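# Commentary on secondary and tertiary structure
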Amino acid sequence: MQKHRRFQKAVIKKDMRYRGPLSYIALKFMGWLCLAAGSVMLVIKAANLLNIGSEEALARANIVLSFVKQLSLPFFLIGNFAIILDNKNGYKNQLFRNAGAMALIALAFFLLYYRYLGGLYARVQGDWAVGLEQVNEVFYSMTPNGFWDMNIFVDLSLCTLFMFFFTYKPRKHFQGKKLVLFRLLSLLPIAYEIASLTLKAMSAAGLVYIPPWCFPLLTVKPPMTFIVFIVMAFFVKQRERRFQALGYTHGQFRAFLRTNRNSFHFSVFTAVLLLLAGLTDLVVYFLTTDVGADALTAPLKRSVPLALGVGDAVPLMMLSPLMLLFSYTRRHKNKSYEMFVPIVGMGIYAFAMIEGAYQLLLASIS
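Residues numbered from 1 in each chain as written. Predicted model: local features only at pLDDT ≥ 70, side-chain atom pairs only at ≥ 80, totals over all residues. Heavy atoms only, no water.

## Quick look at the overall build of the chain
Of the regular secondary structure elements, the chain holds 15 helices and zero strands. A total of 366 residues make up the chain; the buried ones form 44% of that total. Looking at the chain alone, contacts between residues at least 24 apart form 81% of all its contacts between residues at least 6 apart. For the chain, the exposed area adds up to about 19,700 Å²; of that, 68% sits on carbon and sulfur atoms. (Helix = DSSP H or I, 4+ residues; strand = E, 2+ residues; numbered from the N terminus. Buried < 20%, exposed > 50% of the residue type's maximum accessible area, 1.4 Å probe, protein only. Contact = heavy atoms within 4.5 Å. Areas by Shrake-Rupley, 256 points an atom, 1.4 Å probe, with all protein chains shown as cover.)

Structure follows, in structure tokens:
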């Protein structure tokens, strides 16, 4: 009852003036920078295979870049979540963008892997099947788990789809009691996530073989990040229920979502949630890896949790205080920023890949 009264006071209060300096565009740009760090990691892996450079120096750089890379998905997820809360572009726009980007990355991988690399090796070997088998050997030698994490937009599409089924109010279909059926569709993205994690775990344990065409269809994020997103969605849904319990309409709730006060409440909640998620993932990491295991079970205990991304959510603790500077209600007068950021981000990502490959080529022939 006391929480109910506090929430009612927050609703009727005059909106607060504080609005964090960071917008969703800033978070997305940081996400692209972290993603570029991930591309440099691929270059370091290739350098290790070619024995280029100091192994110790490359290992240190790989640890730092791995830490930074794990922040890319949280930045993108919270940025997308902010767009949904602010009702800026609607669900259809977000679903179309994420699904389109996911399909483009998958298509690019299929062309690179089967058309160009497969075709190049087939030309050398004189047989396409033999050439493709050699390409497979090279790819699988670069990962101990039998798969590559590569398509972050699979995760973004699943999270947006979950939010759509969980919070959207259909205008024509699924009315009345049928709305429950619409809400149950939110289990589909969760089922996809569980299926992807199961495949990755079985692959790391050596129980199944994941063909390369599945790589761009697998989820990338650690399980803890998906749990964070679901908790954030429940936070918004619970606020809506409290709001309606006070007698307000859904339209008035949407207006309340665009206030600075609710934006600050969301930022504080997200900061605490990220801190707890990072700490929880750290505890799970120590409980599920080879600490205290015997020599026979240690490799398996270590490989499966790491393949699922256990421990990868620890960097969320570093992101936690940054959330207090974030406001999803902050907008930019220049509308072109929204188009400019992904173009610049993709440019930085591509430059990191091309420049890294160029430096590797120079080092290998010198």
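## Examining the pattern of salt bridges
Enumeration over the complete set of coordinates arrives at five salt bridges. A salt bridge links Lys 237 to Glu 240; its shortest N-O distance comes to 3.4 Å. Here Glu 240 and Lys 237 lie together in helix 10 (residues 223–245), a separation of three residues that amounts to about one turn. When salt bridges that share partners are traced, they join Asp 155, Glu 193 and Lys 221 into one network. (Salt bridge = Lys/Arg side-chain N within 4 Å of Asp/Glu carboxyl O.)

## A closer look at the confidence of the model for the chain
For the chain, per-residue confidence averages 79 on the pLDDT scale, and residues scoring 70 or more make up 80% of the total. Per-element confidence in the chain is highest for helix 9 (residues 187–204), whose mean pLDDT is 93, and lowest for helix 1 (residues 2–12), whose mean pLDDT is 61. Here residues 292–299 scores under 50 on pLDDT; set against residues more than four positions off or in separate chains, the count is three contacts. (pLDDT = per-residue confidence, 0-100.)

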